[in-house]
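# Notes for the structure review
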Amino acid sequence: MRLPHLLSLLLISSVIFISCKNSSEPVLIDAADLIPKPVSVTSNGESFQLTDSTSIYILGESQEALQAGQYLAEKLRPATGFKLTVSNATETSKPGNIYLQISADSASGNEGYELHVTKDRVKLSANKPAGLFYGIQTIRQLLPASIESSSVQQSAWKIAGADISDHPLYPLRGSMLDVARHFFSVTDVKRYIDLLAYYKMNLLHLHLSDDQGWRIEIKSWPNLTAHGGSTQVGGGKAGFYTQEEYKDLVKYAADRFITIVPEIDMPGHTNAALASYPELNCNDTATKLYTGTEVGFSTLCTKKEITYKFIDDVFGELASLTPGPYLHIGGDESHATKKEDYIPFMSRVQDIVKKHGKIPIGWDEIALTSLQPGTIAQFWADSANSKEAVRQGAKIMMSPANKTYMDMQYDSTTRLGLHWAAYIEVDSAYIWNPAKLVNGINYENIAGIEAPLWSETVTNMDDIEYMVFPRFPGYAEIAWSPEKGRSWDEYKIRLGKHGSRMKAMGIDFYKSAKVPWIE
Ligand code: TNX
């Protein structure tokens, strides 16, 4: 045999050897590879194997823990094909099972959890149901990526042994979805909610109205959706959520510990309403429906009493559909409203929201008015506004456009998106600290972190996923994980390993060259 042949034979056989080795001994997911990174992880070198005889047991009589157990089983059944029965138990002696417990003595707060994995059992405990839910997301990430597949996969289904103790850094962690510029179906929004939940996010802000469309049924003003919901950017048929559909979304989100924050933007960004009701215009003439992407040309007539009746009716209906504490009042880019009209208007709108028992949130321009105690200002562009809000005692929702706007292109070649604030590559989206971004806005002034997706250029779920991923896991980590020791060079390795997980979830993500992807 000639030497080159011998060499290639050796090479081929070693490749076969390596791949055989890989398939019989799957690499365990290191608990230190989780996104968002937990507060503390101690590996113990053991591993737990999920088998067809594994059961999920609930310790104690908690309906909520039982629900969490059922949710876990639903997430693990499709890929494993295992039965994974869920029932109550009084002790953890039987090896080979998963135990969930709500235990009041845990120091994990409202959202934290403790996870102990040994070769004999998985034990997840939390002070509150939300903590169990987040611990379950951790268990999902500790299993091989194919656990996210919707059909049965062959795998050893091992979980690396570790003690994990975890809780979030910021109380509010979420995303905004603009369903006004382009409308997205209930099914799409539910998928979005599932993706938020996977990254331990707890807030979904829905931008329900803008110049191009009104997306929530208001029974006392039916033309808002009949006419104002009929189109979207680029023209064509759009749509809206009926109140029944909206309630279904609220429930779907609540079952995943996500609060929906509905936004009705005003006094600008209101052309869809102005086109639907002539009386909301100062000249009593309805505007034409709008399908372009300009901003800042519309305004409610701040001097008319009917305007405040309209707002009261809309927020009244919305408050009754919304169990969460917040109503978002917009307030951004009202270039067509005189400043002397904007100030008393936004002040009165806050009163209306308070009257309906809710906490107002507004874009940072609302700091120009006097803020009611409790009102949250959302920093997107103007640090002076945000500092003024802090001076008035308000908390800040951090959504800096040049870091968190997921409609910003990754670079100049991105097929979708805008770039007025910045090009935001995956590293740039990760390398910032909310508590150090603006002088005078410190950790204690921050209510939470929110990454918005505006939808001028985003038309379907595939587009949504492409703009959101892989930036979103980074925002989740900034919002959840301790800041100490954070580094892009360390994170990008974890994100690279996470690629197969996003793929198994069917996410069409942007394969940034900045990340060492592992297929
Ligand atoms: C600014 S951010 C807006 C939106 C646009 C977005 C596009 C903010 C409060 N207003 O109306 O959709 O830029 O990136």
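This structure is a prediction, so every number in the text was calculated from the model and none was measured.

Rules and cut-offs
- Per-chain numbering applies: the sequence of each chain, read as written, is numbered from 1 onward.
- Residue-level local features of this predicted model are given only where pLDDT is at least 70; pairs of side-chain atoms are given and counted only at 80 or more, and the full residue set underlies all totals for whole chains, interfaces and linings.
- As a rule here, side-chain values come from all non-hydrogen atoms in the structure, and water together with hydrogens is ignored.
- Here, a strand pair is defined by DSSP locating no fewer than two bridges between the strands.
- The helix and strand labels rest on DSSP assignments: H or I over at least four residues marks a helix, E over at least two residues marks a strand, and numbering proceeds from the N terminus.
- Axes here refer to lines fitted to C-alpha atoms; in helices the fit is confined to the stretch in contact. Angles between the N-to-C directions go from 0 to 180 degrees.
- A contact between two residues is defined here by any heavy atoms of the two lying within 4.5 Å.
- The nearness test applies per residue and asks whether one of its heavy atoms lies within 4 Å of the molecule or strand.
- Definition of a polar contact: a pair of N or O atoms within 3.5 Å, with one able to donate and the other able to accept a hydrogen when the atoms are protein atoms, and with sequence-neighbouring residues admitted only if both atoms are side-chain atoms.
- Every accessible area reported is derived by Shrake-Rupley at a probe size of 1.4 Å, with residue values counting cover from the shown protein chains alone.
- Following the grouping adopted for this structure description, the nonpolar residues are Ala, Val, Leu, Ile, Met, Phe, Trp, Tyr, Cys and Pro, the charged ones are Asp, Glu, Lys and Arg, and the polar ones are all others, Gly among them.
- We call Phe, Tyr and Trp rings a pair once their centres come within 6.5 Å, taking the six-membered ring for Trp, and we label the pair stacked below 30 degrees between planes, edge-to-face above 60, and tilted otherwise.
- Here a salt bridge means any side-chain nitrogen of Lys or Arg lying within 4 Å of a carboxyl oxygen belonging to Asp or Glu.
- Only protein chains enter the calculation, and the probe is 1.4 Å; a residue is then buried if its accessible area is under 20% of its type maximum, exposed if over 50%, and partly exposed in between.

## Examining the sheet that holds strand E13 (residues 326-330)
Pairing in this closed barrel of 8 strands is parallel, and the strands run E8-E9-E12-E13-E14-E15-E16-E17 around the ring. Pairs of neighbouring strands in the sheet enclose a mean axial angle of 30°, with direction left out of account. Sitting on the sheet, helix H4 (residues 186-198) touches strand E8 (172-178), strand E9 (203-207) and strand E17 (446-453), and the angle it makes with E9 is about 150°.

## With respect to the environment of Pro 36
Along the chain, the position of Pro 36 falls in the loop between helix H1 (3-24) and strand E1 (40-49). Along the primary structure Pro 36 and Pro 168 are separated by 132 residues, whereas in three dimensions their C-alpha atoms are 9.4 Å apart. When neighbours within four sequence positions are excluded, Pro 36 is seen to be in contact with Tyr 199, Lys 200, Ala 476, Glu 477, Trp 480 and Ser 481.

## Considering the site of the ligand
Neighbouring residues of the ligand: 13 residues in total, closest Arg 181, Tyr 405, Asp 407, Trp 420 and Glu 456. Within the side chain of Glu 333, one N or O atom sits 3.1 Å away from a nitrogen atom of the ligand. In isolation the ligand offers 360 Å² of accessible surface; the protein chains occlude 98% of this area. Across the shell around the ligand, the residue classes tally to 7 nonpolar, 1 polar and 5 charged.

## Focus on the sheet that holds strand E5 (residues 113-117)
Overall, mixed pairing links the 7 strands, which are arranged E1-E7-E5-E6-E4-E2-E3 in an open sheet. Because the sheet does not close on itself, it has two edges, and the strands there are E1 and strand E3 (86-89). Between one strand axis and the next, the sheet turns by 25° as a mean value, whatever way the strands run. Inspection of the sheet shows E1 paired to strand E7 (residues 158-166) by 7 bridges, in the antiparallel sense. Its bridge partner lying in E7, Ser 43 is registered against Ala 162. Most of the contacts of helix H3 (residues 129-142) go to strand E6 (residues 121-126), to which it runs at about 150°, and overall it touches strand E4 (97-102), E5, E6 and E7.

## Thoughts on the pairing of E6
Examined bridge by bridge, E4 and E6 share 6 bridges and lie parallel to one another. Across the sheet, Ile 98 pairs through a bridge with Val 122, a residue of E6. In this sheet, E6 lies alongside E5 in antiparallel orientation, the contact comprising 4 bridges. Within E6, the residue paired with Glu 114 across the bridge is Ser 125. Between E5 and E6, which pair antiparallel and follow one another directly, the connecting turn spans 3 residues.

## Here's the deal with the packing of aromatic side chains
Evaluated as defined, the whole model comprises 27 aromatic pairs. Look at Tyr 134 and Trp 480: their rings are 5.4 Å apart centre to centre, the planes differ by 75°, and that puts the pair in the edge-to-face class. Taken as a pair, Tyr 134 in helix H3 and Trp 480 in helix H14 (residues 471-480) lie far apart in primary sequence, 346 residues in all. Seen in terms of ring centroids, Tyr 405 and Trp 420 are 6.0 Å apart; in terms of plane orientation they differ by 85°. Their pairing is edge-to-face.

## A short note on the pattern of salt bridges
According to the stated counting rule, one finds 27 salt bridges in the structure shown. Arg 181 is the partner of Glu 456 in a salt bridge, and the nearest nitrogen-oxygen pair spans 3.5 Å. In this pair, Glu 456 is assigned in the loop between E17 and helix H13 (461-468) and Arg 181 in the loop between E8 and H4, connecting sequence segments 275 residues apart. Lys 303 is the partner of Asp 341 in a salt bridge, and the nearest nitrogen-oxygen pair spans 3.1 Å. On the criterion of sequence distance, the pair formed by Asp 341 in helix H9 (residues 339-355) and Lys 303 in the loop between helix H7 (271-276) and helix H8 (305-321) is long-range, its members being 38 residues apart. A network of salt bridges, in which partner residues are shared, links Lys 37, Glu 477, Glu 490 and Arg 494.

## Considerations on the pairing of strand E14 (residues 359-363)
Extensive coverage of E14 is indicated by the burial of 4 of its 5 residues. Relative to E14, E13 is paired through 3 bridges, and the arrangement is parallel. Residue pairing across strands places Leu 327 opposite Pro 360, the latter belonging to E14. Note that E14 and strand E15 (residues 376-379) share 3 bridges and pair parallel. Residue pairing in the sheet places Ile 361 in a bridge with Ile 376 of E15.

## Considering the side chain of His 205
Here His 205 shows up in strand E9. Relative accessible area serves as the criterion here: at 0%, His 205 is assigned to the buried category. Side-chain polar atoms of His 205 contact the side chain of Glu 263, separated by 2.7 Å. Setting aside residues no more than four positions away along its own chain, His 205 makes contact with Ser 175, Met 176, Leu 177, Val 261, Glu 263, His 328, Trp 363, Gln 378 and Glu 450.

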